[in-house]
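Architecture and fold: a report
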Amino acid sequence: MAEHNQRSGPPRSRSSQPRTGQPRASHQRVGQPRIGQPPAARSRAGRPRTDPARRAAYDVLRAVEDRDAYANLLLPALLTERGLTGRDAAFATELTYGTLRGRGTYDAIVAACSDRDQLDPPVRDVLRLGAHQLLATRVGSHAAVATSVDLAKDVCGPRPSGFVNAVLRRVATRDLDAWIQVIAPDRSRDPSGYLAVRHSYPRWIIDAFRDALGPAAAAETEDALAAGNVRPEVVLALSPAPVASSASVPGSADPPAPDAAGTLPDGERTRWSPYGYRLAGGNPAPLVASGQAAVQDEASQLAALALTRIGLSGGDQLWLDLCAGPGGKARLLSGIAAARGAHVVASDIHPQRAQRVLEALRRAGGEDAGVLAADGRQVPWRPGTFDRVLADVPCSGLGSLRRRPEARWRKAPADVAELASLQRELLNAAIDSVRPGGVVAYVTCSPHLAETRDVVTAVAQSRDDVTILDAPAVLPEVPALRAPEPRFAQFWPHRHGTDAIFLALLRRG
């Protein structure tokens, strides 16, 4: 289809450079309308009017809204179920993630073009999809409006189609930059309000990013928001090459990645992780299935690697990944531990996630006897059992919004406060699990101070057996890593091209 020539990423004007979208999906599958829904309107020939790519995108949006589905799990399954490949699959992906990212901006524009205070959710999703096509893709205006009207007829019936047509024709009268000038608050008077509309974020997340950036906020907040709307590249973690235990001891050079020349798809090594490989294209599934690699962000790799670089006195035989699911860090730690003659125990509270860890370790050819399902706050082992402990705790996920764009609309400040309580419990449990002289890595995929600095400092101040170490000094090859509290490391998409992962290292006294 000629109209499937699209660009993706955050909402931009038609004069912007081309972009590419980012696949995502959910654990719930969407097929035909559920029982209780009105049947889709049909053309006179009895067939749906909407092309399969647009219908797939719409169905994912409805599942995200109705049932809290995860787009990064649902969409690939839906594309496979419906036989969408090539350009159709790419177009459905762009529509899904571009619309999810730009939802806040598109809702504000649609509101300016509508005379209704309330919209039925299905109509609202049709309008969001139409607005994305008009304002952030190369789909022609006529095609974007006409196909949205057809979609409205299929999923809502004939009555709303005239309304959809009228609203989208008004949307089409301006490009995105012109709409921003019309609908956004004055930037000098309400900077957070302006950025919320311009970059499609809830205001509280913008304020949280500004707080986390500290003195750099004035120069970098908008860059951080914009980077969170850019499609992330696929990054793999190669398994560490087998090394005799005598060749690698704590504090020595990292075990090498295997020489995989000729076996990897087109791409290049990442800048800092010795195990990272950034794909230029191709499907990573065969490499993942073979155990040669796993999909893992470079910052995630480096956070795990930092734990292994701290020198220890005494033994160094037993390591723990306290919240290990789905297994990326456990897999990498297991490979490094094996090179040192050490062993990794991996635990997760959810049996299904523990099973995924087990499968990841088995694919990589690692030991798996130490995988168990257990609550990290009520551990089955004795205090002081481990030499190194990774606590990659549950968090808001604000650092991975470029991968899960719908998360920004699901979270609220109250969620962060609730998570912070859990995070403090897990960090205390991690410290209790490590022996005196051992080290703990506290990791979150969030820059929010309530989940990062505040958790670590509160726990450290409540104990007399903990020293906070200089985390950025353990990763000296990575620039601009120091957080405003300089002992902590904070990765950022706009600085490092990674997720916004936080790292703190603590030694038990």
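Here's a quick rundown of the structure. (Residues numbered from 1 in each chain as written. Predicted model: local features only at pLDDT ≥ 70, side-chain atom pairs only at ≥ 80, totals over all residues. Heavy atoms only, no water.)

1. Concerning the overall build of the protein
Rules: Note on conventions: DSSP H or I runs of at least 4 residues are helices, E runs of at least 2 residues are strands, and numbering of each starts at the N terminus. Working definition: with a 1.4 Å probe on protein chains only, accessible area under 20% of the residue-type maximum means buried, over 50% means exposed, and in between means partly exposed. Contacts are assigned to residue pairs with any non-hydrogen atoms lying within 4.5 Å of each other. Areas reported here follow the Shrake-Rupley algorithm with a probe of radius 1.4 Å; residue values treat only the protein chains shown as occluding.
Counting secondary structure elements, the protein contains 19 helices and 12 strands. A buried classification covers 55% of the 509 residues belonging to the protein. At a minimum sequence separation of 6, the contacts of the protein that also span at least 24 residues come to 74%. When the accessible surface of the protein is totalled, it reaches about 20900 Å², and 50% of it is carbon and sulfur.

2. Some details on the sheet that holds strand β3 (residues 276–279)
Adjacent strands of a sheet pair through backbone hydrogen bonds, lying either parallel or antiparallel. So the rule is basically this: Should DSSP find at least two bridges between two strands, the strands are regarded as paired. A fitted line through C-alpha atoms represents every axis, and for helices the fit uses only the stretch in contact; the resulting angles, taken between N-to-C directions, go from 0 to 180 degrees.
As summarised here, the arrangement of the four strands in space is β2-β3-β1-β4, forming an open sheet in which the pairing is antiparallel. The sheet is open, and its two edges are formed by β2 (267–269) and β4 (293–295), each paired on a single side. Each neighbouring strand pair of the sheet contributes to a mean axis angle of 30°, computed without reference to strand direction. Sheet strands touched by helix α12 (residues 298–309): β1 (235–238) and β3. Its angle to β1, the strand with the most contacts, is close to 30°.

3. With respect to helix α5 (residues 141–156)
This is how it is decided: To estimate the expected span of a helix, count its residues, drop one, and scale the result by 1.5 Å.
Its 16 residues give α5 an end-to-end C-alpha distance of 22 Å, which sits within 8% of 22 Å, the value for a rise of 1.5 Å per residue. Buried within α5 are the following residues: A144, V145, T147, S148, V149, L151, A152, D154 and V155. Where the residues of α5 are buried, they touch α1 (52–67), α4 (121–136) and α6 (161–171). Phi turns positive, to about 95°, at G157, one or two residues after α5.

4. What about the pattern of salt bridges?
To keep it simple, the criterion reads: Any Lys or Arg side-chain nitrogen located within 4 Å of an Asp or Glu carboxyl oxygen qualifies as a salt bridge.
Here the structure, examined in full by the defined rule, presents 37 salt bridges. Close ionic contact of R278 with E298 constitutes a salt bridge, the shortest N to O distance being 3.7 Å. Here R278 is found in strand β3, whereas its partner E298 is found in helix α12, with 20 residues between them in sequence. Accessibility classification places R278 together with E298 in one group, the buried group. A network of salt bridges, in which partner residues are shared, links R62, E65, D66, R103, D107, R124, D125 and R128.

5. Section: the packing of α1 against helix α3 (residues 86–113)
Convention followed: In this scheme, a crossing is called left-handed if the near helix is turned counterclockwise away from the far one by less than a right angle; it is called right-handed if the turn is clockwise. All amino acids are sorted into three groups, where Ala, Val, Leu, Ile, Met, Phe, Trp, Tyr, Cys and Pro are nonpolar, Asp, Glu, Lys and Arg are charged, and the leftover types, Gly among them, are polar.
Between α1 and α3, the least distance of the axes is 8 Å, while the angle of their chain directions is 35°. Crossing geometry of α1 relative to α3 is assigned as right-handed. Contacts from A53, R54, A56, A57, V60, L61, V64 and E65 of α1 reach α3 at D88, F91, A92, L95, T96, T99, L100 and R103. Its residues assigned to classes, the contact of α1 with α3 shows 10 nonpolar, two polar and four charged.

6. Some thoughts on helix α14 (residues 351–363)
Let me state the cut-off plainly: In this description, the arc belongs to the directions extending from the helix axis to the C-beta atoms.
The terminal C-alpha atoms of α14 lie 18 Å apart, and with 13 residues this matches the ideal 18 Å at 1.5 Å per residue to within 8%. For α14, every residue scored as buried is listed here: A354, V357, L358, A360 and L361. Looking straight down α14, one finds its buried side chains confined to an arc of 160°; they lie on one side. Of the surrounding elements, those touching the buried residues of α14 are α13 (328–339), β6 (343–348) and β7 (371–373). Just downstream of α14 lies G365, where phi reads positive at about 75°.

7. Description of the packing of helix α8 (residues 191–199) against helix α10 (residues 217–227)
This is how the line gets drawn: Orientation labels follow simple angle bins: below 35 degrees gives roughly parallel, above 145 gives roughly antiparallel, 65 to 115 gives roughly perpendicular, and whatever is left gives oblique.
In contact at an axis separation of 10 Å, α8 and α10 are set at 25° when each is read in the N-to-C sense. As the angle between them shows, α8 and α10 are arranged roughly parallel. Like other packed secondary-structure pairs, α8 and α10 cross with a definite hand, here right-handed. Every residue of α10 that contacts α8 at L195, R198 and H199 is listed here: T221, E222, L225 and A226. Here the residues of the contact of α8 with α10 are counted per class, giving three nonpolar, two polar and two charged.

8. Remarks on the side chain of D499
Put simply, the test is: Two N or O atoms form a polar contact when they lie within 3.5 Å of each other; inside protein one atom must be a possible hydrogen donor and the other a possible acceptor, and for residues adjacent in sequence the pair counts only when both atoms belong to side chains.
Residue position: D499 is located in the loop between α19 (493–496) and β12 (502–508). Of the polar contacts made by the side chain of D499, one reaches the side chain of R403; its length is 3.0 Å. Setting aside residues no more than four positions away along its own chain, D499 makes contact with D297, A299, G399, S400, R402, R403, C445, F491, W492 and P493.

9. Concerning the nonpolar core
For clarity, the threshold we go by: Only buried Ala, Val, Leu, Ile, Met, Phe, Trp, Tyr and Cys residues count toward a nonpolar core, and they belong to the same one when joined by side-chain atoms within 4.5 Å.
Formed by 71 residues in total, the largest nonpolar core has its most connected members in L127, L135, V164 and V171. If one sorts the elements of this core by residue count, α3 sits on top with 10 residues. Beyond its immediate stretch of four places on either side in the chain, L127 contacts V110, L119, F163, V164, V167 and L168. Ranked by size, the runner-up nonpolar core spans 43 residues in total, among them A293, A304, L333 and L390.

10. Observations concerning the state of the cysteines
What counts, and what does not: Two cysteine sulfurs form what is called a disulfide whenever their separation falls within 2.5 Å.
This model, assessed by the stated rule, comprises zero disulfides. With no disulfide of its own, C445 lies 5.6 Å from the sulfur of C395, the closest cysteine sulfur.

11. What to know about the pairing of strand β9 (residues 434–444)
The buried fraction of β9 is high, at 10 of 11 residues. In this sheet, β9 lies alongside strand β8 (residues 386–392) in parallel orientation, the contact comprising six bridges. Within the sheet, the bridge partner assigned to F386 lies in β9 and is V434. With six bridges connecting them, β9 and β12 associate as antiparallel partners.

12. Considerations on the packing of aromatic side chains
The condition is simple: Centre distance within 6.5 Å is the pairing criterion for rings of Phe, Tyr and Trp, where only the six-membered ring of Trp is used; planes under 30 degrees apart are then read as stacked, over 60 as edge-to-face, and the remainder as tilted. Two thresholds decide whether a charge sits over a ring: the Lys NZ or Arg CZ must be within 6 Å of the ring centre and within 35 degrees of the ring normal.
Counting across every chain of the model gives five aromatic pairs. Considering the side-chain rings of W381 and F386, the 5.4 Å spacing of their centres and the 90° angle between planes classify their relative orientation as edge-to-face. Accessibility assignment for this pair places W381 and F386 in one class, buried. Between Y442 and F502, the ring centres sit 6.3 Å apart and the planes meet at 75°, which makes this aromatic pair edge-to-face. Here the residue Y442 occupies a position in strand β9, and F502 occupies one in strand β12, the gap between them amounting to 60 residues. The same class applies to Y442 and to F502, which are both buried. Members of the aromatic cluster, connected to one another through ring pairs, are Y201, F209 and W492. Its guanidinium or amino end placed over the ring of F163, R116 lies 3.8 Å from that ring's centre, counting from NZ or CZ. Above the ring of W179, the side-chain terminus of R174 is found at 4.7 Å from the ring centroid.

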